[in-house]
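Reading the structure
One letter stands for each residue in the lines below.
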Amino acid sequence: MDARLEAVYEEALKRNPTQPEFQQAVREVMESLEPLLLSRRDYQDSAILERIIEPERQIMFRVAWQDDDNKVRVNRGYRIQFNSTLGPYKGGLRFHPSVTLSVIKFLGFEQIFKNALTGQGIGGGKGGSDFDPHGKSDDEVMRFCQAFMMELSRHIGADVDVPAGDIGVGAREIGYLFGQYKRIANRNEAGVLTGKAVGWGGSLGRTEATGYGLVMFANNMLAERGDSVEGKTAIVSGSGNVATYAIEKLHQLGGKAVSISDSGGSVYDPDGIDVDLLKLIKEVRRGRVAEYAAVRPNAEFRAGQKVWEIPADLALPCATQNEVDANDVRAMHHHGIELVAEGANMPLTPGAIEVAENSKMLFAPGKAANAGGVATSALEMQQNASLQAWPADVVEEKLEGIMEDIHSTCLTTAEELDAPGNYMVGANAAGFMKVADAMIQQGVV
Ligand code: NDP
Ligand code: 2IT
């Protein structure tokens, strides 16, 4: 990178030591925006880059709760309110033992640009805890959520900061969190959280939105080549919310997903993943992918193995950050993968992205490809604010339009920046410019 940008990056490294994921996300954005950042004198004069990589507010707190044996447990809670230029902070909560300040900061940083790309008035934030929901009873999850909200409640609000789900946080957790917020605040403030159940303020289509939007985006990419997902085979990682509904939409559009995974290993199912069975095992029983393979005739469980060397046309990583490295992409290329679209946030390492680009594979960054979830969260906020509940087909149609807009914005912006067809440059630049221009208008804050 240019020396001026290196200096800003070095400063960020010094200020944020031992935060590898955050450093990685910042570096990726800076490298892909180098020509833009160097050409915009106004951005330099307003120190946009220096300001945008510094969160507006970082909240860390103790979460003490009691397990079913009355033993006191201690976890750490986080909420990073990264950037409120375009609207209230917006972004999910992640409950997973791998959560650190670095992980939440990288997610919050990415969320700024993703949210800008949706075209809706939402700033960027993220939160979570190193709490591990695996193996916990419903009561334990409830007590944890209540203790977590006891502190979080003082920092959020429908016009302030609106959390939602992410890894380990789904409808059950959002329910417990909302119940506790309502008890503390003594008001029914529906728009304070999204991803609520549809019976009390949730939007139809929010559960499906990230996975559906991902496949719509991939379909838009293929349409540029006169092609579509119809008849294509896909390898999918993960087996949670994003993976499940990506597979469902792919099947609706005539494609076939042949894999799922979790932290225990992966499943190859040559007959195509049975989505109803997957939902039964994951959503109802909170089980593992090994259990899916055990009851599905031709499926094979591969303990400890990833899915990336399975031959297919499309790859949809939908589990977690850095789950795809350079060798994985080489294997994908070798086995005929033509498109990689990120359902997870930052699933490809920098080396993996480089191989994908050099191999001329179509590559969609998560900021663009998985933006359908947060976009539909913003639709939920709109419904809450206007006391409406839209039918499912209305929400899905809006989602389809939003994904199409993001897709064309990426392509047009990439073209303007002399990087035709580069979705990463297009997504980073379009999101960044939208926020940066608004920051200039709002003065030095
Ligand atoms: P879920 O908790 O529903 O599912 C997560 C899945 O990923 C599980 O199968 C889980 O397996 C696996 N996984 C999580 N961490 C690891 C790990 N360290 N190693 C291996 N497997 C892992 O989460 P979501 O589906 O909601 O989220 C998946 C990804 O999509 C995340 O990167 C998230 O940030 C991103 N995302 C989610 C959105 C949403 O609306 N939910 C929106 C946009 C992006 P296991 O149970 O074994 O941990
Ligand atoms: O990463 C993400 O975009 C999410 N987890 C969804 C956030 C939201 O506010 O719906």
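That block above? That's the structure.
This report concerns the structure included in the present document. Keep in mind it's a predicted model, so treat the numbers as computed, not measured.

Looking only at helices and strands, the protein has 18 helices and 13 strands in total. In terms of overall size, the protein behaves like a compact globule, its C-alpha atoms giving a radius of gyration of 21 Å where 445 residues would be expected to give roughly 22 Å. Taking the principal axes of the C-alpha coordinates as reference, the protein spans close to 60 × 55 × 45 Å. Within the span of the protein, comprising 445 residues, buried residues form 57% of the whole. Pairs at least 24 apart in sequence give 72% of the contacts found in the protein among residues at least 6 apart.

The next thing to look at is the site of ligand 1. Inspection of the region around ligand 1 gives 25 residues, with His-134, Asp-166, Thr-210, Ser-263 and Arg-288 positioned closest. Contact between ligand 1 and Arg-94: an oxygen atom at 2.9 Å from a side-chain N or O atom of the residue. Between ligand 1 and Gly-168 there is a distance of 2.9 Å, counted from an oxygen atom to a backbone nitrogen or oxygen. Starting from 880 Å² of accessible surface for ligand 1 in isolation, the protein chains cover 85%. Listing elements by their share of the shell around ligand 1, those giving two or more residues are α9 (206-223), α10 (241-252) and β8 (259-262).

As a further point, take the pattern of salt bridges. Inspection of the entire model under this criterion finds 31 salt bridges. Glu-11 is paired through a salt bridge with Lys-14; the nearest N and O atoms lie 3.9 Å apart. Of this pair, Glu-11 and Lys-14 both sit in helix α1 (residues 3-15), 3 residues apart, roughly one helical turn. Lys-279 is the salt-bridge partner of Glu-248, the closest N and O atoms lying 2.6 Å from each other.

Turning to the environment of Thr-244, a few remarks are in order. Its location among the elements puts Thr-244 in helix α10. On the basis of relative accessibility, which here comes to 2%, the residue Thr-244 falls in the buried class. Sequence separation of Thr-244 and Thr-210 is 34 residues, and the distance between their C-alpha atoms is 9.9 Å. A polar contact of 2.6 Å, which involves the side chain of Thr-244, links it to the backbone oxygen of Gly-240.

As a further point, take helix α6 (residues 101-117). Taking 1.5 Å of rise per residue, 17 residues should cover 24 Å, and α6 covers 25 Å from first to last C-alpha, within 8% of that figure. The axis of α6 is deflected most strongly, by about 25°, at Gln-111. Burial runs high along α6: 17 of the 17 residues are buried. Within two residues after α6, Gly-119 carries a phi angle of roughly 80°, on the positive side.

Calculation criteria
Residues numbered from 1 in each chain as written. Chains lettered and ligands numbered in written order. Predicted model: local features only at pLDDT ≥ 70, side-chain atom pairs only at ≥ 80, totals over all residues. Heavy atoms only, no water. Helix = DSSP H or I, 4+ residues; strand = E, 2+ residues; numbered from the N terminus. Rg over C-alpha atoms; globule rule 2.2 N^0.38 Å. Buried < 20%, exposed > 50% of the residue type's maximum accessible area, 1.4 Å probe, protein only. Contact = heavy atoms within 4.5 Å. Near = heavy atom within 4 Å. Polar contact = N/O pair within 3.5 Å; in protein donor to acceptor, adjacent residues only side chain to side chain. Areas by Shrake-Rupley, 256 points an atom, 1.4 Å probe, with all protein chains shown as cover. Salt bridge = Lys/Arg side-chain N within 4 Å of Asp/Glu carboxyl O. Expected span 1.5 Å × (residues − 1). Bend = angle between axes of the 7 residues up to and from the residue.

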